[in-house]
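Residue-level listing of the chains:
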Amino acid sequence: MTPAPPRFPPYPIRGVHVLHQKQNCAPHFAEIEVDFEPAVEGFAFETAQDLTAEYGPAEDLPRFLAAAAAGIEEQLGSPEYEVTIAVRVVLRRARADTFGSHERAFDIAGRLAARKALERAGHPRP
């Protein structure tokens, strides 16, 4: 019988900071800080009540944060890590730029945050 994959995260992983910045003809800019907390099962994403968000216009920010959440969830669900996802992700800080921020930049930042958290929990990228 094959043992079940380990649960992620095995313990709280706090203060995962990512600055995704690429300067070229299609610039990217996204900065996030998230905490990964153990949960009973599945994936949950929420923003902290005291979220620090630096960006205007405010109507774009929900799309950016949804993209970050999607990037985190997709990266954690990647079969290369072989973990059972049981996580509550709390967004503590977000920063965007009017010139280089868009959904794709935040999706990438989310994926990078998930990779950092997986590495901190002892699941390096294969």
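Quick caveat: nothing in here was measured; it's all calculated off a predicted structure.

**Q** How would you sum up the environment of Tyr81? Please name residues and give values.
**A** Along the chain, Tyr81 falls in the loop between α1 (61-76) and β5 (84-95). Take Tyr81: its relative accessible area is 6%, and that puts it in the buried class. With 43 residues separating them along the chain, Tyr81 and Pro38 place their C-alpha atoms 17 Å apart.

**Q** If you had to explain the pattern of salt bridges to someone new, which residues and values would you point to?
**A** Within the structure shown, the criterion is met by 11 salt bridges. Two residues, Arg14 and Glu37, come together in a salt bridge whose shortest N-O distance is 3.0 Å. Remark: Glu37 occurs in strand β3 (residues 28-38) and Arg14 occurs in strand β2 (residues 13-22); sequence separation between them is 23 residues. Across the salt bridge formed by Glu31 and Arg93, the nearest N and O atoms sit 3.1 Å from each other. Linking Glu31 in strand β3 with Arg93 in strand β5, this pair joins segments that are 62 residues apart in sequence. Classification of Arg93 as partly exposed rests on a relative accessible area of 23%.

**Q** Before we move on, can you summarise the packing of aromatic side chains with the specific residues and values?
**A** Each aromatic ring pair is characterised by the separation of its centres together with the angle its planes make. Throughout the structure, instances matching the rule amount to 3 aromatic pairs. Both rings, one in Phe8 and one in Phe36, keep their centres 6.0 Å apart while their planes meet at 65°; by these two values the pair is edge-to-face. Residue Phe8 is found in strand β1 (residues 7-8), and its partner Phe36 is found in strand β3; the two are separated by 28 residues along the sequence. Each member of the pair, Phe8 as well as Phe36, is classed as buried.

**Q** Residues and numbers for the packing of α1 against helix α2 (residues 103-120), please.
**A** Across the interface, α1 lies against α2 with an axial gap of 7 Å and an inter-helix angle of 40°. When the interaxial angle is binned, α1 and α2 end up oblique. Considering how the two elements wind past one another, α1 and α2 form a crossing that is right-handed. Here Arg63, Phe64, Ala67, Ala68, Ala70, Gly71, Ile72, Glu74, Gln75 and Leu76 of α1 come into contact with α2, specifically with Glu103, Phe106, Asp107, Gly110, Arg111, Ala114, Arg115 and Leu118. Residues belonging to the contact of α1 with α2 are distributed by class as follows: 9 nonpolar, 3 polar and 6 charged.

Definitions and limits used
- Residues numbered from 1 in each chain as written.
- Predicted model: local features only at pLDDT ≥ 70, side-chain atom pairs only at ≥ 80, totals over all residues.
- Heavy atoms only, no water.
- Helix = DSSP H or I, 4+ residues; strand = E, 2+ residues; numbered from the N terminus.
- Buried < 20%, exposed > 50% of the residue type's maximum accessible area, 1.4 Å probe, protein only.
- Salt bridge = Lys/Arg side-chain N within 4 Å of Asp/Glu carboxyl O.
- Phe/Tyr/Trp six-rings, centres within 6.5 Å; stacked < 30°, edge-to-face > 60°.
- Axes fitted to C-alpha atoms, helices over the stretch in contact; angles between N-to-C directions.
- Parallel < 35°, antiparallel > 145°, perpendicular 65-115°, else oblique.
- Left-handed = near helix turned anticlockwise from the far one by under 90°.
- Contact = heavy atoms within 4.5 Å.
- Nonpolar A, V, L, I, M, F, W, Y, C, P; charged D, E, K, R; others polar.

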